[in-house]
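Listed here are the chains, written in short residue letters.
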Amino acid sequence: MPQNVLVSVLGEGKYLTALVRAILEKNIIPTRFLFLSAKNEASLQAAEGYDVTVCEDELSAVIKSEIVLITASRREMPTELAKISSSSQKRVVVSVCDSDKVDLAYLSERIVAATELMAAVLHRDEDGRLSASYEASKLARPFLCRPARDIVDTMCEMLNEEG
């Protein structure tokens, strides 16, 4: 059964389209509750054929959502966070990237201090299977962190099935 939370997916890289596909193909949230930026061709292509909400830009997508999933490399994450920094309050902002560790203090330096942050760090085991570990700030509301974890975990499962 879909969860009734408003979600935007922003950023770049290989996990961007995988997150969009996981949300839509596995029916994690109602499709109309997914907000994408009209300026992000990769996410729009991944959502082709689905009834998603396309916003003018990243900030518009953030403003309409409760959970903001941002994908980027560790190096590019500060740039992606800076794009939404002014509109991220009262939202759970989830950094999704593969790295040894993404420090919440590092992330909070790049975004408004009152923002609820969550880091989803992607790992591959010795068999090449993808999984995620999570860390959330004290401000992050648990009832929004759970759907964010479900989305990232579903993406990992879907990519593992695809090989």
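Residues numbered from 1 in each chain as written. Predicted model: local features only at pLDDT ≥ 70, side-chain atom pairs only at ≥ 80, totals over all residues. Heavy atoms only, no water.

Enquirer: Can you tell me about the pattern of salt bridges, naming the residues and giving the values?
Expert: As a working rule, side chains carrying opposite charge can pair if their charged atoms are close by. For the coordinates displayed, the defined rule picks out 8 salt bridges. Among the salt bridges present, the one from Glu 162 reaches Arg 21, with a minimum N-O distance of 2.1 Å. Taken together, the residues span a long stretch of sequence, with Glu 162 in helix H6 (residues 142-162) and Arg 21 in helix H1 (residues 14-25) at a distance of 141 residues. Across the pair Lys 83 and Glu 80 runs a salt bridge, and its minimum N-O distance is 3.2 Å. Of this pair, Lys 83 and Glu 80 are both found in helix H4 (residues 77-84), 3 residues apart, which corresponds to roughly one turn of the helix. Taking relative accessible area as the criterion, Lys 83 reaches 40% and is therefore assigned partly exposed. Residue Glu 80 is classed as buried on the basis of its relative accessible area, which comes to 8%. Taken together, the shared-partner salt bridges connect Arg 21, Glu 25 and Glu 162 into one network. (Salt bridge = Lys/Arg side-chain N within 4 Å of Asp/Glu carboxyl O. Helix = DSSP H or I, 4+ residues; strand = E, 2+ residues; numbered from the N terminus. Buried < 20%, exposed > 50% of the residue type's maximum accessible area, 1.4 Å probe, protein only.)

Enquirer: Residue-level account of the pairing of strand S4 (residues 67-71), with values.
Expert: When you tally the buried positions in S4, you get 5 out of 5 residues, the bulk of the element. Neither face of S4 is left uncovered, since the one carrying Ile 67, Leu 69 and Thr 71 and the one carrying Val 68 and Ile 70 both have all their residues buried. Where strand S1 (residues 7-11) and S4 come together, 5 bridges link them in parallel fashion. Paired with Val 7 across the bridge in S4 is Ile 67. In this sheet, strand S5 (residues 92-98) lies alongside S4 in parallel orientation, the contact comprising 5 bridges. From the neighbouring strand, Ile 70 faces S5, where its bridge partner is Ser 95. (Pairing = 2+ DSSP bridges.)

Enquirer: Would you mind going over the nonpolar core in detail, with residue names and values included?
Expert: In terms of nonpolar packing, the biggest core is built from 40 residues, with Val 7, Val 9, Leu 34, Leu 69, Val 152 and Met 155 touching the most fellow members. Mapped by element, the contributors of at least two residues to this core are S1, H1, strand S2 (34-37), S4, S5, strand S6 (116-124), strand S7 (130-136) and H6. Top element by residues in this core is H6. It accounts for 9 residues. In this structure Leu 69 touches Val 7, Ser 8, Val 9, Leu 10, Leu 19, Ile 23, Val 94, Val 96, Ile 151 and Val 152, once residues within four positions along its chain are discounted. One finds Cys 55, Ala 61, Val 68 and Ala 72 within the second-largest nonpolar core, a separate group that totals 14 residues. (Core = buried A, V, L, I, M, F, W, Y, C linked by side-chain atoms within 4.5 Å. Contact = heavy atoms within 4.5 Å.)

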